[in-house]
Amino acid sequence: MPNHAVSDHYIKVVLGPVGGIPVLVPAAGGAVAEEILPRLDGLMLTGSRSNVAPGLYAGPPHLEGTPEDPARDSTTLPLILGALEAGLPILAICRGFQELNVALGGTLDQRIQDLPGRMDHSTPSDQALPKVRTGKAHAVRVAADGLLARHWQGLDWSPDAVPVNSLHNQGVAHPAARLVPEAWAPDGTIEAGRIEGARGFAIGVQWHPEYDWAEDMLSRRLFEAFGHAARGYASRMAQPALTPTLAAE
Ligand SMILES: N[C@@H](CCC(=O)NCCCC(=O)O)C(=O)O
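It should be emphasised that the depicted structure is a prediction, and the values quoted were computed from it without experimental measurement.

What counts and how
- Residues numbered from 1 in each chain as written.
- Predicted model: local features only at pLDDT ≥ 70, side-chain atom pairs only at ≥ 80, totals over all residues.
- Heavy atoms only, no water.
- Helix = DSSP H or I, 4+ residues; strand = E, 2+ residues; numbered from the N terminus.
- Buried < 20%, exposed > 50% of the residue type's maximum accessible area, 1.4 Å probe, protein only.
- Contact = heavy atoms within 4.5 Å.
- Axes fitted to C-alpha atoms, helices over the stretch in contact; angles between N-to-C directions.
- Parallel < 35°, antiparallel > 145°, perpendicular 65-115°, else oblique.
- Left-handed = near helix turned anticlockwise from the far one by under 90°.
- Nonpolar A, V, L, I, M, F, W, Y, C, P; charged D, E, K, R; others polar.
- Core = buried A, V, L, I, M, F, W, Y, C linked by side-chain atoms within 4.5 Å.

Caption draft 1: Layout of the environment of V52. Mapping V52 onto the fold places it in the loop between β1 (43-45) and α3 (70-86). V52 gets classed as buried once you look at its relative accessible area, which sits at 0%. Spatially, the C-alpha atom of V52 lies 15 Å from that of L167, the residues being 115 residues apart in sequence. Discounting residues that sit within four places of it in the chain, V52 has contacts with Y57, H62, D73, R95, E99, V102 and L108.

Caption draft 2: The arrangement of the packing of α3 against helix α4 (residues 95-103) in detail. Where α3 contacts α4, the two axes come as close as 9 Å, and the packing angle between them is 65 degrees. As far as their axial angle goes, α4 and α3 are roughly perpendicular. Here α3 and α4 pass one another in a crossing that is right-handed. Facing α3, whose interface residues are R72, D73, T76, L77, I80 and L81, α4 presents R95, G96, E99, L100, V102 and A103. Per-class residue counts for the contact of α3 with α4 are six nonpolar, two polar and four charged.

Caption draft 3: Representation of the nonpolar core within the structure. If you look at the biggest cluster of nonpolar residues, it comprises 31 residues, and the most contacted ones within it are M44, W152 and W207. Of all the secondary structure elements, the ones that give two or more residues to this core are α1 (8-18), β2 (90-93), β4 (138-142), α6 (147-151), β5 (162-164), β9 (202-205) and α7 (217-238). With six residues, α7 is the largest single contributor of residues to this core. If sequence neighbours within four positions are ignored, M44 has contacts with Y10, V13, V14, V18, L91, I93, F223 and F226. Counting 28 residues, the second-largest nonpolar core is a separate cluster that includes L37, L43, V52 and A176.

Okay, here's the thing in structure tokens:
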């Protein structure tokens, strides 16, 4: 029986460092996206083993057996565009980061590990030890003048090497014009970015900070910053619309 579900990691992180109430958006298409957007204070795009349909970025067909989820694609891409239009804060994680790029016109590599000179970014899900699967897998270099760095001010970290976990086969091939890369793996894979010209918080990461925010302060701070942006958005939206008053005669 088909289900609409999300990992408990996302529920816990929203109730925790984000400081919000998680609402699952069903993968029910663009009409649902349009209806629910005005009711949201922030949009977190989760990871998934499924992959964005190649037709959405003029890519080659997936290898046989590659999981896809067209219902999710038909929901998240309109959600992303509507959220950016509204200035709704967006935190995009893994598949969510890939959706962010495709929604704005970027493309994806489908199996990075098959590309010359590239690493294997996928962590086999049959790992017996969860920590092996969701533990730190490689370091990324982070732009010292970017939004991630701004949010991480005051924390103990080095832009040259931020350890991250890695559970993906796909990745950003050509970044959308508005996607400004902010982190790179040693093999050049784009691992994070911000959206140029976004009216609100709009950051995507290829790794999974939801797995280790309890012990990793950079992960925690990213969620805290998203929560702060969502509360700011909610507060602005709650302000009565300023109606022009007739100038006194
Ligand atoms: N399927 C895409 C996106 C990868 C992703 O979101 N991984 C999350 C995995 C969740 C889990 O296995 O617990 C890709 O492969 O690039």
